[in-house]
Amino acid sequence: MDNHKEFTVKNHYLVEIRQTGDSIKDNLKSWSWDIYIAMSEDQQYRGRALAPGKGVEIPWTELSKSDVLEEMINICEQQMPKHI
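These numbers come from a predicted model, not from an experiment.

Participant: Looking at this structure, I do not really get the side chain of Q19. What am I missing?
Facilitator: By the secondary structure assignment, Q19 is in the loop between strand 1 (7–18) and strand 2 (30–40). Overall, the relative accessible area of 7% leaves Q19 in the buried class. A polar side-chain atom of Q19 sits 3.2 Å from a polar atom in the side chain of W31.

Structure, rendered in structure tokens:
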């Protein structure tokens, strides 16, 4: 019986995302994110992201939308206000 599923990292992106929000209107800052996208043989996707220097890590997360990079960028954007 096969009791494991393997995912292969297919893409590694460096994405720079600008902070937004009321508290930083005059001082926009960009965060650099390392985003990894992995895929299994049956085309299930997982994403992981790290923000070096910020100490923020998004663990491997199941992705379900057609644009998996955009989905991960949205997840990163949601985490940024929590770590200002």
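Participant: How should I be thinking about the pattern of salt bridges in this particular structure?
Facilitator: Oppositely charged side chains may form a pair once their charged atoms are brought near each other. The full count for this structure, using the stated rule, is two salt bridges. Notably, a salt bridge pairs D42 with K5, separated by 3.7 Å at the nearest N-O pair. Placement of D42 in the loop between strand 2 and strand 3 (45–51) and of K5 in the segment before strand 1 is noted, with a sequence separation of 37 residues between them. For D42, a relative accessible area of 48% translates into the label partly exposed.

Participant: Please clarify how the packing of aromatic side chains should be interpreted in this entry.
Facilitator: Two numbers describe a pair of aromatic rings. These are the distance of the centres and the angle of the planes. Within this structure, the stated rule accounts for one aromatic pair. Where W31 meets W33, the ring centres are 5.7 Å apart and the plane angle is 20 degrees; that geometry is what we call stacked. The same class applies to W31 as to W33, namely buried.

Rules and cut-offs
- Residues numbered from 1 in each chain as written.
- Predicted model: local features only at pLDDT ≥ 70, side-chain atom pairs only at ≥ 80, totals over all residues.
- Heavy atoms only, no water.
- Helix = DSSP H or I, 4+ residues; strand = E, 2+ residues; numbered from the N terminus.
- Buried < 20%, exposed > 50% of the residue type's maximum accessible area, 1.4 Å probe, protein only.
- Polar contact = N/O pair within 3.5 Å; in protein donor to acceptor, adjacent residues only side chain to side chain.
- Salt bridge = Lys/Arg side-chain N within 4 Å of Asp/Glu carboxyl O.
- Phe/Tyr/Trp six-rings, centres within 6.5 Å; stacked < 30°, edge-to-face > 60°.

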